Every structure is written in structure tokens, then in C-alpha cells.
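Each chain, letter by letter, is given below.
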Amino acid sequence: MTSRYFLLALLLSAACYCHADAFEEGGAAYMAGNYELAAKKFMEVAEKNDHRAMYALGSMYAVGKGVPRDYGKAFALFTRAASYGRADARYKLGIMYQLGLGVARNDRRAVRSFHDAALKGYGPAQFRLGLCYANGVGVKRDLVKAGAWLTVADVSLREHPLVSADPPKEQEAGKNA
């Protein structure tokens, strides 16, 4: 009986390892500029309900890297990734609703998506939500809420910048040589 549980645990851990391995391979292929291979690897993993792969593949469909640009597929993948609690996916859904990409334009749904992601501490969503309140897009114009969300976004983005202002290590090494 115990050996059956051990065998089951071993098989499940091997499945998880292969799953993670394919995602890592997709990430490495993307970083190397082999977008077609990255998309193939992410598709394999997304089919196994990996929210990271869903988000990555959705981003690729949104810009047409490694796959044809398809906002409908991007929207569907971001929706699936957001169902796992990903704030960045909720934010991208908000952008797509706001711009009408892959879905009918709907400013109220955009605000709802930004709000959901903002409550999870996602700085870009906090910023967009602040702009929505400042301009009365999808919500009644409210400069107090706008100021609050923009201030929260400022703090969030300073504490967790999306892009580092520091030069890569290679540049630093070359500069000192």
C-alpha cells in the first residue's frame, strides 16, 4: 500500500518537473529570440493550466511574437491566467477592454479589471485606475479618488519598478575595464 503512494508521488513529481522544464525552455527560447519555439513550449504548458504560460502566450499573441497577432486569443489567455489570481493578467484585460482589442470596448469593465489588479498591489493598474477617476472614464470623475490611486501607484512603482534603472552587470564590468 505504501509503495503505491510512493509510486504515485514519484509520478506526480516527475510530471511537475517536466511541466516546469517546458516553461523554462520556453522562457530561454524567448530570451534567445526564438519566439516560435517559445510559443510552442508555452502552448504545451498552458494546456496543462499553467497560469505563467497562459500569461506569456497571451502577451505573445497580443504583439504577434512567434505567433500571428490575435487579440481574441490574447484576451482568452489573459482571462484564463486572471482566473488564477494574476494581477498582471487582470491589468492586461483592462487595457484590452479600454482599447477594444479582442473584445468590444467597455470602459466600465476596464475600470473593474484595473480595480481588481490595483487592490492586489499592481502599480500599473493603480496608475490606470487613477487616470480613469481623473478623466471620468468608466467611472464618475472623482479627483480625490484619482489623487489617492495615483499616489498609491507612485509608491508601488517606486518600491517595485517594472524596469530597473541600474545598468546590466555586463555594462558595469565593461565600463570599469
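What counts, and where the lines are drawn
- Numbering of residues begins from 1 in every chain and follows the order in which that chain's sequence is written.
- The predicted nature of this model means local features are confined to residues of pLDDT at least 70 and side-chain atom pairs, given and counted, to a pLDDT of 80 or more, with totals for whole chains, interfaces and linings taken over all residues.
- Only hydrogens and water are set aside; all other atoms, that is, all heavy atoms of the structure, feed into the side-chain values.
- The helix count covers DSSP runs of H or I at least four residues long, the strand count covers runs of E at least two residues long, and both are numbered beginning at the N terminus.
- Each residue gets one of three labels from its accessible area relative to the maximum for its type: buried under 20%, exposed over 50%, partly exposed in between, using a 1.4 Å probe on protein chains only.
- Accessibility throughout is a Shrake-Rupley quantity obtained with a 1.4 Å probe, and a residue counts as covered only by protein chains that appear here.
- Salt-bridge detection follows one rule: a side-chain nitrogen of Lys or Arg within 4 Å of a carboxyl oxygen of Asp or Glu.
- Among buried residues, the Ala, Val, Leu, Ile, Met, Phe, Trp, Tyr and Cys ones that are joined through side-chain atoms within 4.5 Å form a nonpolar core.
- Should any heavy atoms of two residues lie within 4.5 Å, those residues are considered in contact.

K.L.:
Would you explain the overall build of the protein chain in this entry?
P.N.:
Along its length, the protein chain carries nine helices and zero strands. Listing the helices and strands of the protein chain from first to last along the sequence gives α-α-α-α-α-α-α-α-α. Expressed as a percentage of the 177 residues in the protein chain, the buried residues total 34%. Looking at the protein chain as shown, the accessible area adds up to about 11000 Å², and 59% of this sits on carbon and sulfur atoms.

K.L.:
What is the right way to look at the pattern of salt bridges in this model?
P.N.:
Any two side chains of opposite charge can pair, so long as their charged atoms come close to each other. Applying the stated criterion to the full structure yields six salt bridges. A salt bridge links R52 to D50; the shortest N-O distance between them is 2.7 Å. By relative accessible area, R52 is classed as partly exposed at 28%. The exposure class assigned to D50 is buried, which follows from its relative accessible area of 6%. Where R90 meets D116, a salt bridge forms, and the shortest distance between an N and an O atom there is 2.7 Å. Of the two residues, R90 sits in helix α5 (residues 87-99) while D116 sits in helix α6 (residues 107-119), which places them 26 residues apart along the sequence. Judged by relative accessible area, which is 31%, D116 ranks as partly exposed.

K.L.:
Sorry if this is basic, but what is going on with the nonpolar core here?
P.N.:
Side chains of nonpolar character tend, in soluble globular proteins, to be buried together. One finds F42, L57, F114 and L129 to be the most contacted residues of the largest nonpolar core, which totals 43 residues. Looking at this core, the elements that each hand over two or more residues are α1 (2-31), α2 (35-46), α3 (51-63), α4 (71-82), α5, α6, α7 (123-135) and α8 (143-159). It is α3 that contributes the most residues to this core, eight residues altogether. Setting aside residues no more than four positions away along its own chain, L57 makes contact with A39, F42, M43, A46 and L77.

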